[in-house]
Amino acid sequence: IEKSRRRWLSEEEIAHFFSVLRAYPDQFVLDNYQACTLLLCLGVRKSELLEATWNEFDLDKGIWILPEERSKTDEPLAYPLDEYLVNIFQQLKWRSCGSEYVFPNRRASKRYGHISPDTLNAAINKLFRENKLEIPHFTVHDLRRTFRSHLSSLGISDHIAERCLNHKIQGSKGAYDVYDYFAERKEAHSKRD
């Protein structure tokens, strides 16, 4: 039985995490740094981001369309991208050197065309093992919980926050409300304290 985790990062812990990443760029490379930034800003699942291909993006319109075949809900979802996130994706596109993947594998691996699903957790765990991160341990998935928890602290309504996470709305509301809340999710993604 899988035990539900409750770990999420405070604003201070987020600031510490990213300051440590910047202090060790040879150990935590730019692509990993930007992947963690995107995970924290978008609240997407790690696999949704790491397996993303460039044909899912319209950076001119600031939209990432997660296709149904890669979505846990089996439905496509358009993620709004603000100017800051578009800039990150433009940098990643330049560094992808023509790969179809946003995060192409940098090693000669036959297993994945994109970076390994274990890459980010391994890099974070190494920082913990070397006592470089001076906060309680967390995993990459805890960044998703952090995103959701901070949406609540900003006053984003539950149904919007859940749609930001690409969760299905439960019950009769989910059965009858097929609106995707794109404008509301875009506003939620842009909220700051």
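See the structure above.
Quantities reported herein were computed from a predicted structural model and do not represent experimental measurements. Residue indices follow the written sequence of each chain, beginning from 1 at its first position. Since the coordinates come from a predicted model, pLDDT governs what is reported: local features require at least 70, and pairs of side-chain atoms require 80 or more to be given and counted, while whole-chain, interface and lining totals use all residues. Only hydrogens and water are set aside; all other atoms, that is, all heavy atoms of the structure, feed into the side-chain values.

Engineer: In this structure, what is going on with the sheet that holds strand E3 (residues 77–80)? I would like to understand it.
Structural biologist: Across a sheet, strands are paired by hydrogen bonds formed along the backbone, either parallel or antiparallel in direction. Strand order in this open sheet of 3 strands is E1-E2-E3, and the pairing throughout is antiparallel. Of all strands in the sheet, those with a lone pairing partner are strand E1 (57–58) and E3, marking the two edges. What makes two strands pair is DSSP finding at least two bridges between them. Secondary structure elements are defined from DSSP: runs of H or I of at least 4 residues count as helices, runs of E of at least 2 residues count as strands, and each element is numbered from the N terminus.

Engineer: For this particular structure, what's the right way to read helix H9 (residues 182–190)?
Structural biologist: Residue pairs spaced three or four apart in an α-helix point in one direction, given the helix's 3.6 residues per turn. All buried positions along H9 are accounted for by Arg185, Ala188 and His189. Angular distribution of buried residues about the axis of H9 spans 100°; they occupy a single face of the element. Among the structural elements, helix H2 (30–42), E3, helix H6 (141–153) and helix H7 (158–164) are those in contact with the buried residues of H9. Accessibility here uses a 1.4 Å probe with only protein chains present; expressed as a share of the type maximum, an area under 20% marks a residue as buried, one over 50% as exposed, and anything in between as partly exposed. Starting at the helix axis, one direction is taken to each C-beta atom, and the arc is that of these directions. Note on definitions: a residue-residue contact is assigned when non-hydrogen atoms from the two residues lie within 4.5 Å.

Engineer: Help me out: how do you make sense of the packing of helix H1 (residues 11–23) against H2 in this one?
Structural biologist: Whenever a helix is involved, its axis is fitted only over the stretch in contact; in every case the axis is a line through C-alpha atoms, and angles between N-to-C directions fall within 0 to 180 degrees. Two numbers describe how H1 lies on H2: the axes approach to 11 Å, and their chain directions differ by 165°. By the angle between their axes, H1 is roughly antiparallel relative to H2. Every pair of crossing elements has a handedness; the one defined by H1 and H2 is left-handed. Of the residues in H2, those in contact with Ile14, Phe17, Phe18, Leu21 and Arg22 of H1 are Tyr33, Cys36, Thr37 and Leu40. For classification purposes, an angle smaller than 35 degrees is called roughly parallel, one larger than 145 roughly antiparallel, one from 65 to 115 roughly perpendicular, and anything else oblique. Helix crossings fall into two classes, left-handed where the near helix is turned counterclockwise from the far one by less than a right angle and right-handed where it is turned clockwise.

Engineer: It is not clear to me how the pairing of E3 should be interpreted in this structure. Could you clarify?
Structural biologist: In summary, the side chains of a regular strand alternate between the two faces of the sheet. Of the two faces of E3, the one lined by Leu77 and Tyr79 and the one lined by Ala78 and Pro80 are each fully buried. Across 4 bridges, the pairing between strand E2 (residues 63–66) and E3 is antiparallel. Looking at E3, one finds that isoleucine 65 is bridged to alanine 78.

Engineer: Please clarify how the packing of aromatic side chains should be interpreted in this entry.
Structural biologist: For any pair of aromatic rings, the description rests on two quantities: the centre-to-centre distance and the angle between the ring planes. In summary, the pairing rule links any two rings of Phe, Tyr or Trp, Trp by its six-membered ring, whose centres are within 6.5 Å, and it sorts them by plane angle into stacked for under 30 degrees, edge-to-face for over 60 and tilted for everything else. Following the criterion strictly, the structure yields 11 aromatic pairs and no others. Between the aromatic rings of phenylalanine 57 and phenylalanine 89, the centroid separation amounts to 4.7 Å while the plane-to-plane angle is 45°, which identifies the pairing as tilted. One end of the pair, phenylalanine 57, is in strand E1; the other, phenylalanine 89, is in helix H4 (residues 83–95), and 32 residues separate them in sequence. Accessibility assignment for this pair places phenylalanine 57 and phenylalanine 89 in one class, buried. One aromatic cluster in this structure is built from Phe17, Phe18, Phe28, Tyr33, Phe128 and Phe138.

Engineer: Explain the pairing of E2 here, please?
Structural biologist: Where burial is concerned, the two faces of E2 differ: the one with Trp64 and Leu66 is buried and the one with Ile63 and Ile65 is not. When E1 meets E2, the two strands line up antiparallel, connected through 2 bridges. The residue bridging aspartate 58 from the neighbouring strand is isoleucine 63, located in E2. Hairpin connection, E1 to E2: the antiparallel pair is bridged by 4 residues, and glycine 62 has positive phi, about 70°.

Engineer: Any chance you could explain the packing of H2 against H6 here in plain terms?
Structural biologist: At a closest axis distance of 7 Å, the pairing of H2 and H6 adopts a crossing angle of 35°. Crossing angle aside, the handedness with which H2 passes H6 is right-handed. Together, Cys36, Leu39, Leu40, Cys41 and Leu42 of H2 and Leu143, Thr146 and Phe147 of H6 make up the contact between the two elements. Its residues placed into classes, the contact of H2 with H6 shows 7 nonpolar, 1 polar and no charged. Each residue receives one of three labels: charged for Asp, Glu, Lys and Arg, nonpolar for Ala, Val, Leu, Ile, Met, Phe, Trp, Tyr, Cys and Pro, and polar for the others, Gly being one of them.

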